[in-house]
Amino acid sequence: MANIIVLAPQGQVGWELTRCAQTLGNVITLGREQLDLSNPEQIRRVVSELQPRVILNGAAYTAVDKAEQEPELAHQINAKAVEVLAEVAKQQQALLVHYSTDYVFDGSQPTPYREQDAVAPLGVYGASKLAGEQAIASVGCDYFIFRTAWVYGMRGKNFLLTMQRLARERDELRVVADQWGAPTWSRSIAEATAQIVAQVLSPTNPIDARALSGIYHLTCAGQTNWCEFARAIIAASPKQPVVHAIRSEEYPTPAKRPQYSVLDNQKLRETFGIQLPAWEQALNLCLHSNEA
Ligand SMILES: NC(=O)c1ccc[n+]([C@@H]2O[C@H](COP(=O)([O-])OP(=O)(O)OC[C@H]3O[C@@H](n4cnc5c(N)ncnc54)[C@H](OP(=O)(O)O)[C@@H]3O)[C@@H](O)[C@H]2O)c1
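Conventions adopted
- Residues numbered from 1 in each chain as written.
- Predicted model: local features only at pLDDT ≥ 70, side-chain atom pairs only at ≥ 80, totals over all residues.
- Heavy atoms only, no water.
- Axes fitted to C-alpha atoms, helices over the stretch in contact; angles between N-to-C directions.
- Helix = DSSP H or I, 4+ residues; strand = E, 2+ residues; numbered from the N terminus.
- Parallel < 35°, antiparallel > 145°, perpendicular 65-115°, else oblique.
- Left-handed = near helix turned anticlockwise from the far one by under 90°.
- Contact = heavy atoms within 4.5 Å.
- Nonpolar A, V, L, I, M, F, W, Y, C, P; charged D, E, K, R; others polar.
- Buried < 20%, exposed > 50% of the residue type's maximum accessible area, 1.4 Å probe, protein only.
- Near = heavy atom within 4 Å.
- Polar contact = N/O pair within 3.5 Å; in protein donor to acceptor, adjacent residues only side chain to side chain.
- Areas by Shrake-Rupley, 256 points an atom, 1.4 Å probe, with all protein chains shown as cover.
- Pairing = 2+ DSSP bridges.
- Phe/Tyr/Trp six-rings, centres within 6.5 Å; stacked < 30°, edge-to-face > 60°.
- 1 Å grid on protein atoms, 1.4 Å probe; cavity = no way out; pocket = protein on both sides within 12 Å on 5 of 7 lines; lining within 4 Å.
- Points joined across faces, edges and corners; volume = space filled by probe spheres on them.

Student: Got a sec to walk through the packing of helix H3 (residues 71-92) against helix H4 (residues 124-139)? Specific residues and values, please.
Tutor: Remark: H3 packs on H4, axes separated minimally by 8 Å, with the N-to-C direction vectors making an angle of 15°. Here H4 runs roughly parallel to H3, going by the angle between their axes. The two elements H3 and H4 meet at a crossing, and its hand is right-handed. Contacts from Pro 71, Ala 74, His 75, Asn 78, Ala 79, Val 82, Glu 83, Ala 86, Glu 87 and Lys 90 of H3 reach H4 at Val 124, Tyr 125, Ser 128, Lys 129, Ala 131, Gly 132, Ala 135, Ile 136 and Val 139. Among the residues making up the contact of H3 with H4, the classes are represented as 11 nonpolar, 4 polar and 4 charged.

Have a look at this one:
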């Protein structure tokens, strides 16, 4: 059985990857205790020793606002460590699966972004993720970079859990209604990833990971804004505060976000025959995922 490394098994995506990858091979999880991504030497040693066939990198510096104060650390984890991972993947002839973000775009385009559209990150986080993408491409290992967006799930730090908490605590909420995107369930990302990796590892009819290496947009289908997303979450909550729509200027944050960062998933669909559910459908499945 091929060794499949999952980085950040406690992260939103890493947690789901750990589960979805079990049918693909011998899954080895490496959390921060086993592998600190701020230590390039450790990355080289630990990952090489495991001789992986696939590296699923769920780890990242994801604190979008804090990154404005910690640009070096964000760059270290999201770009430098990723470059080292790509080098080890190349040396081991392993496939590197990495995740990037809709925040590589500035959000000025009025239609869904395609992979080749011009990037122009508005903040440190987006810039560090973009540098990670570029590092992988220049190392030239076999790789898939899946740009995803607005990730949530029933664990970790995310918008869904924040809205559920605020619904319990408050009678009114104010949520920005002028930023558009596609909320994407962490499990949908992991399921799609596992299906694509299964195509690569197929003993009978494998797809060519080298020829297909590149960036793919991978988000739930449809689009919404944070306020409508909040309303959909609150509609399923036991207590339902009123949700007021506000403008981004009324909720200033250290990092500027793109106004419109919907990603076109056509390339993913045409290459791998995979399509994520509509965001409303995924949200509904997620909200009921803990039921017996
Ligand atoms: N969250 C979003 O809305 C979103 C949107 C677009 C793209 N993405 C991308 O999707 C991927 C997965 O994101 P996510 O939401 O699952 O992230 P997450 O829940 O914040 O998890 C990130 C994981 O990375 C680990 N990590 C951070 N620094 C590390 C280090 N120095 N060494 C080892 N591990 C380290 C964290 O470990 P600790 O718990 O120990 O800190 C955590 O488990 C990332 O590439 C992210 O950029 C996310």
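Student: Quick one: what's the story with unusual backbone geometry, residue by residue and with numbers?
Tutor: One non-glycine residue, Gln 51, adopts positive backbone phi at about 45°. Under the relative-accessibility criterion, Gln 51 is labelled exposed at 58%. Even without being glycine, Trp 150 reaches a positive phi, approximately 45°. Tracing the chain through its elements places Trp 150 in the loop between strand S5 (142-148) and strand S6 (151-152). Look at Trp 150 and you get buried, because its relative accessible area is 8%.

Student: Describe the site of the ligand, naming the residues involved and giving the relevant values.
Tutor: Taken together, 24 residues sit near the ligand, with Val 13, Arg 32, Thr 62, Tyr 125 and Lys 129 positioned nearest. Contacts to the ligand include Arg 32, whose side-chain N or O atom sits 2.8 Å from an oxygen atom. Lys 129 places a side-chain nitrogen or oxygen 2.7 Å from an oxygen atom of the ligand. Coverage of the ligand by the protein chains reaches 79% of its 910 Å² of free accessible surface. Looking at the shell around the ligand, the elements with two or more residues in it are helix H1 (12-20), strand S4 (95-101) and H4. The greatest single-element share of the shell around the ligand, amounting to 3 residues, is contributed by S4. Looking at the shell around the ligand, its residues break down into 12 nonpolar, 9 polar and 3 charged.

Student: Explain the sheet that holds S4 to me, using residue names and the numbers behind them.
Tutor: As summarised here, the arrangement of the 6 strands in space is S2-S1-S3-S4-S5-S10, forming an open sheet in which the pairing is parallel. With partners counted over all chains shown, the strands left at the sheet margins are strand S2 (26-30) and strand S10 (214-217), one partner each. Taking the axes of each pair of neighbouring strands and ignoring which way they run, one obtains an average angle of 20° across the sheet.

Student: Which residues make up the environment of Asn 3, and what values do they have?
Tutor: As for its placement among the helices and strands, Asn 3 is situated in strand S1 (residues 3-7). A C-alpha to C-alpha distance of 4.8 Å links Asn 3 and Asn 26, two positions 23 residues apart in sequence. Among residues more than four places away in sequence, those in contact with Asn 3 are Asn 26, Ile 28, Leu 50, Gln 51, Pro 52, Arg 53 and Val 54. Within the structure, the side chain of Asn 3 is placed 2.8 Å from the side chain of Asn 26, a separation counted as a polar contact.

Student: For the packing of aromatic side chains, give the residues involved together with the corresponding values.
Tutor: This model, assessed by the stated rule, comprises 14 aromatic pairs. Between Tyr 99 and Phe 146, the ring centres sit 6.1 Å apart and the planes meet at 45°, which makes this aromatic pair tilted. A residue pair is termed long-range when its members are at least 10 positions apart, and Tyr 99 in strand S4 and Phe 146 in strand S5 qualify at 47 residues. Judged by relative accessible area, Phe 146 falls into the buried class, the value being 1%. Ring geometry for Phe 229 and Trp 279: centres 5.9 Å apart, planes at 85°, overall edge-to-face. Of the two residues, Phe 229 sits in helix H8 (residues 226-235) while Trp 279 sits in helix H10 (residues 279-287), which places them 50 residues apart along the sequence.

Student: If you had to explain empty space enclosed by the protein to someone new, which residues and values would you point to?
Tutor: Scanning all chains against the criterion turns up 1 cavity of 30 Å³ or more. The calculated volume of the largest cavity comes to roughly 60 Å³. Taken together, Val 64, Glu 68, Tyr 103, Leu 122, Gly 123, Val 124, Tyr 125, Gly 126, Ala 255, Lys 256, Arg 257 and Pro 258 form the lining of the largest cavity. Classifying every residue of the lining of the largest cavity by side-chain character gives 7 nonpolar, 2 polar and 3 charged.

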